[in-house]
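# Report on the structure
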Amino acid sequence: MKLPGIILTSLLVITSLNGCGGGGGGGGASAPPPMVMPQPVMPLPVTPPATLQPSDLAAQAPLFDFGASLHIGMVAAPPAYALEKTGERNGAEVSEGSVRDGSRAADVIAYLEPRTMHPEVTGLATFTRPPTVSVVEGTSEKYTGYAMRAVQIVNAALPHDARISFGDAPAPDPLDVNDVPSGNLYVEFIPQAQWPEGSVKGERAVGHTQSQITYHSRTQRNEVVEADSSHILIDSAEVRNFPEEKTVYVLVHELLHALGFSGHTDPARFPDATLNPYVPRNLPRFLLSRIDSDALLAAYARFRPGAQPEEISAQSLGPWTEASSHVRGDLGIPFGAVSFGVAYRNGLAQPWASGPEPSIELAQNRGLSGTAIWSGALLGMTPSEQVVAGDASLDVNLANLNGQLDFTNMQYDDGGTWGDGDLGYSIEVRGNTFIRTGGDDGVVTGAFFGFRHEGMGGVLERSDISAGFGGKR
């Protein structure tokens with residue numbers, strides 16, 4: 001049974017002007033046409049095999065197709081010239097260093113402070129425990145895949161113990177947010193005309209979010225205990241002709257509201273923020289801007305749910321740096337390179353990998369038969385910022401597109417062995433990507449690189465290490 005609470009609502013509209021409807025506890029983006037869109041984004045397949053559930057796919061790192069290249073993860077590769085070459089690992093050139101690529105503490109605080117304000121409620125309405133996102137029954141595979149990608153993107157900015165999960169079964173169609181169980185975020189794609197009674201509607205409205213929060217007192221002001229649940233509505237009639245990246249951007253925007261950011265950012269101060277009250281002509285490269293990502297990390301790693309406005313300050317934020325520690329690897333392949341690594345900043349390690357996009361899918365590469373083998377290196381960081389390096393190898397049976405990914409000789413910078421030194425995963429190839437189907441704990445998101453799949457790379461994420469890896473045939 002739900003505790004008494006306060007319902008916050010938001011409305012997202014698409015107009016010919018840079019405007020936004022709604023108010024109270026949230027809102028969304030409006031799109032000024034015509035729009036200049038980034039290169040199409042390539043998702044992981046939305047139809048899982050029998051061995052994998054939607055929750056498994058949503059746990060993968062986001063994968064982007066930038067036209068000539070594929071990129072895994074939410075961190076842009078630091079310029080090689082900004083790092084210092086420190087050696088070689090199994091054919092990969094290794095470099096390390098620090099790059100100022102994060103948000104200032106003052107900007108993070110400025111972003112968060114308005115999020116705590118509401119006419120009826122003050123306090124940061126975040127979740128005490130990670131919620132579960134579910135699509136409502138009847139949602140198509142395409143829209144389910146979009147919701148999964150939005151979860152992947154948001155999770156990349158959250159601490160591992162705060163990452164949201166994805167429901168394996170569709171949720172029942174709720175009448176309103178009161179029907180959404182505590183700890184859940186329901187996403188529903190239906191025409192605005194069918195939105196529940198009481199929903200805030202508007203001309204060409206594309207999204208609406210109702211969020212319920214619980215509180216522990218009603219004295220001079222309400223003090224938020226935590227976010228309780230949310231019902232995110234997307235107008236399927238409006239988004240049916242949207243390109244994928246635009247729809248996913250809208251979903252990411254609404255998830256930010258559901259996770260406790262009740263208002264909008266100031267476009268004058270944060271022109272690139274995903275939580276601005278309009279869709280920019282050029283979307284953020286990773287659909288979640290740096291300031292949104294850093295504010296999300298701060299909200300869930302540095303402040304308690306219900307933190308009052310006066311508690312959200314640079315002092316209470318604690319040690320905060322704009323500079324990321326990077327370790328990067330580069331492997332040359334024909335007409336390009338496989339690059340991979342990890343960035344560490346303010347307690348969060350974010351792995352990445354990138355390389356040239358293949359011309360065809362691996363299964364169509366007639367130049368390969370039997371078992372194809374790639375070898376290279378892994379570079380990662382632990383939660384305490386210790387650098388770990390190891391050897392990487394991938395064997396793929398071209399007949400059934402299954403394979404084995406092994407990381408061996410894993411050592412700290414000082415020469416000590418990480419764990420028992422080895423990790424192994426069974427993988428399955430999907431187009432030009434591959435994911436873990438068994439083996440040691442962890443989430444593996446990989447891709448093949450190069451015109452004829454001369455390279456491979458990806459990221460490994462576990463509670464005790466985050467790493468990028470790469471190899472070549």
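For the structure itself, consult the block above.
Residues numbered from 1 in each chain as written. Predicted model: local features only at pLDDT ≥ 70, side-chain atom pairs only at ≥ 80, totals over all residues. Heavy atoms only, no water.

### Thoughts on the overall build of the chain
A count of helical and extended segments in the chain gives 7 helices and 22 strands. Looking at the 473 residues of the chain, the share that counts as buried comes to 59%. Nonlocal contacts in the chain, meaning residues at least 24 apart in sequence, comprise 65% of its contacts between residues at least 6 apart. (Helix = DSSP H or I, 4+ residues; strand = E, 2+ residues; numbered from the N terminus. Buried < 20%, exposed > 50% of the residue type's maximum accessible area, 1.4 Å probe, protein only. Contact = heavy atoms within 4.5 Å.)

### Observations regarding the pattern of salt bridges
Scanning all chains against the criterion turns up 12 salt bridges. Residue glutamate 244 pairs with arginine 149 through a salt bridge whose shortest N-O separation is 3.0 Å. Taken together, the residues span a long stretch of sequence, with glutamate 244 in helix H5 (residues 244-258) and arginine 149 in helix H3 (residues 141-155) at a distance of 95 residues. Of the two residues, glutamate 244 and arginine 149, neither departs from the other in class, the shared state being buried. Taken together, the shared-partner salt bridges connect Asp101, Asp294 and Arg345 into one network. (Salt bridge = Lys/Arg side-chain N within 4 Å of Asp/Glu carboxyl O.)

### Let's talk about the sheet that holds strand S17 (residues 402-412)
Taken together, 8 strands build a closed barrel; the order of strands is S15-S16-S17-S18-S19-S20-S21-S22 and the barrel is antiparallel. Strand after strand, the sheet turns through a mean of 25° between neighbouring axes, direction not considered. Pairing of strand S19 (residues 433-439) with strand S20 (residues 443-449), which is carried by 3 bridges, proceeds in the antiparallel orientation. From the neighbouring strand, threonine 433 faces S20, where its bridge partner is alanine 447. (Pairing = 2+ DSSP bridges. Axes fitted to C-alpha atoms, helices over the stretch in contact; angles between N-to-C directions.)

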